[in-house]
Amino acid sequence: MAKGNTAKLHHYVPQGYLRGFATDQNRIGVRPLDQNRKSFISNTRNIAAQSHFHTLNDALEPDGFEKNLSELEGQAIGIIRRLINGELPISEEDRYALSYFIALQSVRGPETRRTIDQLQAHMVRAEVDMGGRANVPRWVKKHLGFEPTEEQAERIWEEATQPGGPPIKLSNRQQIEHMVNTAQEITQYIFMRPWSVVQFKRRALLTSDAPVTLVPHEDEEPWMGVGFQTAWGITFPLSRRCGLLMSDPMPMIRDFDEEYVDRLRQGIIEGKADRIQAGSAVLERFFNHNIIYNAREYIYFHPDDEAFVPDELPEPELTSMKADIFSDWEFDGTPVFKNASASNPDHSRIE
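All of these numbers come straight from a predicted model, not from anything done at the bench.

Draft legend 1. Inspection of the side chain of R113 at higher detail. By the secondary structure assignment, R113 is in helix α4 (residues 110-131). Among the polar contacts listed, one links the side chain of R113 to the backbone oxygen of F53, at a separation of 2.8 Å. Beyond its immediate stretch of four places on either side in the chain, R113 contacts F53, H54, N172, Q175 and I176.

Structure, rendered in structure tokens:
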């Protein structure tokens, strides 16, 4: 396919999903977390999207991944609609397909890409500094494949050791590979949880540009972090009137023998622990609180549901984690470890 015929605007939150929060004309409310900007109404095709977000310029079909993603999304949206209509349990195959879609959704946004680029920059910054200024030519030869001039080595040292590290931006292919591999790893932690489909009649749910939220255990401190394996729960709004809560299975299997645990796991896979639950004001606030505080830049809602968006919102968070452990490191050009620099083996900061 000619490059001029490829799809250009790629959604990182699928349009089919967003329509569950929109009018019949696909109109949807948007509330920026930036307090200097006001809410506005848009079309689902114009939000949660970036130009050529999944384009692979080196591929025979540059938008081939986007097309494959659209097929996966279509299957998942069909399963979501069935859950909204009260079909539970679903088949093991459908359960896995939706689990993978949710896992993929959790790592496909621009905040994940920015985080990966930031982590890579901090790693390069630390690695170059640990070798010391004199070791830069050797580092360049090993990692970049050429022998730099003294001027090039100095420029690389200055860029690598600046606050935040060097300006690194991974390719779309590298980012997509990371996204797919990560989603495959975390799918099991969604697939193997009991599911509750929470249905609301009067109250409404919001969604955001990062709609998959990890809920920590109550006794965990904020600094401890939370992951798909350890989370008390995972929330995912399915539509303005329906949410999916995936709870921790550990209380069900703790202190039991292996045979019982295996039977229980199989029961979870078959949906025997799943249930449909009536929504309440408490559950609405629970879902919407998690959505709001996991959002990165935008909250999305049905135009009739703006009353469920609070006045006070968190600040925008453009990455999914911080990578500043080396931010206060002093870069003076000497190697971190003794003998790190062949030109000056005894001059180091850590003996």
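Draft legend 2. Representation of the pattern of salt bridges. This structure, assessed with the given rule, holds 13 salt bridges. Here R114 and E297 are joined by a salt bridge, their closest N and O atoms 3.8 Å apart. A residue pair is termed long-range when its members are at least 10 positions apart, and R114 in helix α4 and E297 in the loop between α11 (281-294) and β11 (298-301) qualify at 183 residues. With a closest N to O distance of 2.8 Å, D305 and R240 form a salt bridge. One end of the pair, D305, is in the segment after β11; the other, R240, is in the loop between β8 (233-239) and β9 (242-247), with 65 residues separating them in the sequence. Comparing D305 with R240, the two get one shared label, buried. Each of R82, E87 and D94 takes part in a single network of salt bridges with overlapping partners.

Draft legend 3. Quick peek at the packing of α4 against helix α5 (residues 136-144). Taken N-terminus to C-terminus, the directions of α4 and α5 make an angle of 135 degrees; their axes are 9 Å apart at the nearest point. Overall, the two elements α4 and α5 adopt an arrangement that is oblique. For the pair α4 and α5, the crossing hand works out as right-handed. Contacts between α4 and α5 involve V124, E127 and V128 from the first element and V136, W139 and H143 from the second. For the contact of α4 with α5, the class distribution of residues is four nonpolar, one polar and one charged.

Draft legend 4. Summary view of unusual backbone geometry. The peptide bond linking L88 to P89 adopts the cis configuration, its omega dihedral lying at 5 degrees. For P89, the position within the fold is in the loop between α2 (64-84) and α3 (92-106). Positive phi outside glycine occurs at N26, with the angle close to 65 degrees. The topology assignment puts N26 in the loop between α1 (15-18) and β2 (27-32).

Scoring rules and cut-offs
Residues numbered from 1 in each chain as written. Predicted model: local features only at pLDDT ≥ 70, side-chain atom pairs only at ≥ 80, totals over all residues. Heavy atoms only, no water. Helix = DSSP H or I, 4+ residues; strand = E, 2+ residues; numbered from the N terminus. Polar contact = N/O pair within 3.5 Å; in protein donor to acceptor, adjacent residues only side chain to side chain. Contact = heavy atoms within 4.5 Å. Salt bridge = Lys/Arg side-chain N within 4 Å of Asp/Glu carboxyl O. Buried < 20%, exposed > 50% of the residue type's maximum accessible area, 1.4 Å probe, protein only. Axes fitted to C-alpha atoms, helices over the stretch in contact; angles between N-to-C directions. Parallel < 35°, antiparallel > 145°, perpendicular 65-115°, else oblique. Left-handed = near helix turned anticlockwise from the far one by under 90°. Nonpolar A, V, L, I, M, F, W, Y, C, P; charged D, E, K, R; others polar.

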